[in-house]
Structures are given as C-alpha cells and as structure tokens.
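Observations on the model geometry
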Amino acid sequence: MIPSKIENAFNEQINAETYSAYLYWSMSAALEEMQLPGFAAWMRVQAQEEMTHAGKFYHHLVERGGRVRLKAIACPPEKWDSLLKMFEDVLKHEQMVTGLIHKLVGLASEEKDYAAGVFLQWFISEQVEEEASVETILGKLKLTADAKGGLYMLDKEMGKRVFTAPTKGDDE
Ligand code: FEO
C-alpha cells in the first residue's frame, strides 16, 4: 500500500509533468509562428517525453493500489520575447522540476517508502540530462546569435531530434 502523502504528492507530480507538456506544446506553437520548424519539432518531442514522465507516476500509483486523481492543468504562456528568452524559461522550468523531484525523494525517505525512493532514482538522472541538454542549446544559441545563417543551421539540427518510445517498463 502506498502512503497517502506519497499518493497525493505523486498526483501533484502527474499534474506538473502534464503542465510541462502543455508548456512545451505552447512553445512549439510559438516557434512555428517564428518560422523555426526544427525548434518547433524539438519542442514537440520534449512535450512527448513529459507525457511519458506523467505516465510513469500514473503507472506507479496504479501498480501500488493508489488512486490517480487528475487535476486541472494551468494555462501556459503563449508568447516569448525571443528564442533565447524561451530557452532560458525552459531551463528555469526544468530546474524547478528538479526541485520537485528532490522534494519527492525527501518525502519518500521521511515516509520510509523505499519503493517510491527506487522509482524516483530514474527521475534524478533524467533531470540531470534535461538540464544539461537545455544548457547546451542555450550555449549554441548564444554562439549563433551574430552568425549569419547560424540560426538556420541550428534549426535544421534541432529538427533531427526524434522521440524514442520508452522501452517496456521504462514508462512504468
Ligand atoms: Fe519531466 Fe522535463 O521534466
């Protein structure tokens, strides 16, 4: 049986991960308007990943006899002043999510919920990767800011990202 505090916190995290997908879809739409189809595609893959994150919490609750309670998803912003500002917001958002994951790890430890603790390990590593990948993109954006054609090339590169479906058990 899953402790009720963990059940509640995991339901909140389903909401946070789903909001992340919403945020990245909104960014993707804004990128389409900015005529950056590669960046827009990259952001949609990011949104797909967020839904697999939400799915992992969902499956963990179901597996342990917890109740899934879906809550309203907040409206994400629709406009950003620049591409750089948008990716700075992505980094801030991911840092916030990292903080949420670390809080969950602390709660699992307080509640002596070892199963939740093991489950959350995947997310600790995932957040390190997420932050690193956004920091790399921010670095490239700063490098290409003044280079003629640089953004065009970077957009092409961003468009190569493909969504890799989680292997069995990876979304559970
Ligand atoms: Fe699910 Fe990007 O954190």
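This section reports on the structure supplied with the text. Here the structure is a predicted model, which means the values were calculated and not measured.

1. Overview of the nonpolar core
If you look at the biggest cluster of nonpolar residues, it comprises 25 residues, and the most contacted ones within it are Met27, Leu31, Phe39, Met43 and Phe87. For this core, the elements supplying multiple residues, two or more each, are α1 (4–33), α2 (37–63), α3 (83–110), α4 (114–144) and α5 (150–158). Among the elements that line this core, the one with the most residues is α1, at seven residues. Filtering out sequence-adjacent residues up to four positions away, methionine 27 remains in contact with Met43, Trp80, Met86, Asp89 and Val90. Counting 17 residues, the second largest nonpolar core, distinct from the first, contains Ile2, Phe10, Leu107 and Phe119.

2. What to know about a nonpolar patch on the surface
Nonpolar side chains collect at one region of the surface, where Tyr22, Trp25 and Met51 lie side by side and expose about 290 Å² of accessible area between them. Relative to the helices and strands, methionine 51 is located in helix α2.

3. So, the environment of serine 133
Secondary-structure assignment places serine 133 in helix α4. Residue classification places serine 133 among the partly exposed positions, given a relative accessible area of 32%. Placed 42 residues apart in sequence, serine 133 and leucine 91 show a C-alpha to C-alpha distance of 9.3 Å.

4. Focus on the packing of α1 against α2
The N-to-C vectors of α1 and α2 enclose an angle of 170 degrees; their axes lie 8 Å apart at closest approach. The angle between α1 and α2 places the two elements in the roughly antiparallel class. When the axes of α1 and α2 are compared, the crossing they make is left-handed. Split by residue class, the contact of α1 with α2 holds 17 nonpolar, eight polar and five charged.

5. Regarding the pattern of salt bridges
Within this structure, the stated rule accounts for nine salt bridges. Where glutamate 32 meets arginine 44, a salt bridge forms, and the shortest distance between an N and an O atom there is 2.9 Å. Residue glutamate 32 is found in helix α1, and its partner arginine 44 is found in helix α2; the two are separated by twelve residues along the sequence. Glutamate 32 gets classed as partly exposed once you look at its relative accessible area, which sits at 35%. Classification of arginine 44 as partly exposed rests on a relative accessible area of 34%. The partner of lysine 92 in a salt bridge is aspartate 89, with the nearest N and O atoms 3.9 Å apart. With lysine 92 and aspartate 89 both in helix α3 and three residues apart, the pair spans about one turn of that helix. Residues joined by salt bridges that share partners form a network here, namely Lys85, Asp89 and Lys92.

6. Here we look at the packing of α1 against α4
Contact geometry of α1 with α4 gives a least axis separation of 13 Å together with a crossing angle of 20 degrees. The angle between the axes of α1 and α4 places the two elements in the roughly parallel class. Crossing angle aside, the handedness with which α1 passes α4 is left-handed. Contacts from Ile6, Phe10 and Glu17 of α1 reach α4 at Ala116, Phe119, Leu120 and Phe123. Residue classes in the contact of α1 with α4 are distributed as six nonpolar, no polar and one charged.

Reading guide: rules and limits
Residues numbered from 1 in each chain as written. Predicted model: local features only at pLDDT ≥ 70, side-chain atom pairs only at ≥ 80, totals over all residues. Heavy atoms only, no water. Core = buried A, V, L, I, M, F, W, Y, C linked by side-chain atoms within 4.5 Å. Buried < 20%, exposed > 50% of the residue type's maximum accessible area, 1.4 Å probe, protein only. Helix = DSSP H or I, 4+ residues; strand = E, 2+ residues; numbered from the N terminus. Contact = heavy atoms within 4.5 Å. Patch = residues over 30% accessible without salt bridge, like charges linked within 9 Å, V, L, I, M, F, W, Y side chains within 5 Å. Areas by Shrake-Rupley, 256 points an atom, 1.4 Å probe, with all protein chains shown as cover. Salt bridge = Lys/Arg side-chain N within 4 Å of Asp/Glu carboxyl O. Axes fitted to C-alpha atoms, helices over the stretch in contact; angles between N-to-C directions. Parallel < 35°, antiparallel > 145°, perpendicular 65-115°, else oblique. Left-handed = near helix turned anticlockwise from the far one by under 90°. Nonpolar A, V, L, I, M, F, W, Y, C, P; charged D, E, K, R; others polar.

Bear in mind that shape data such as this cannot, by itself, settle questions of function.
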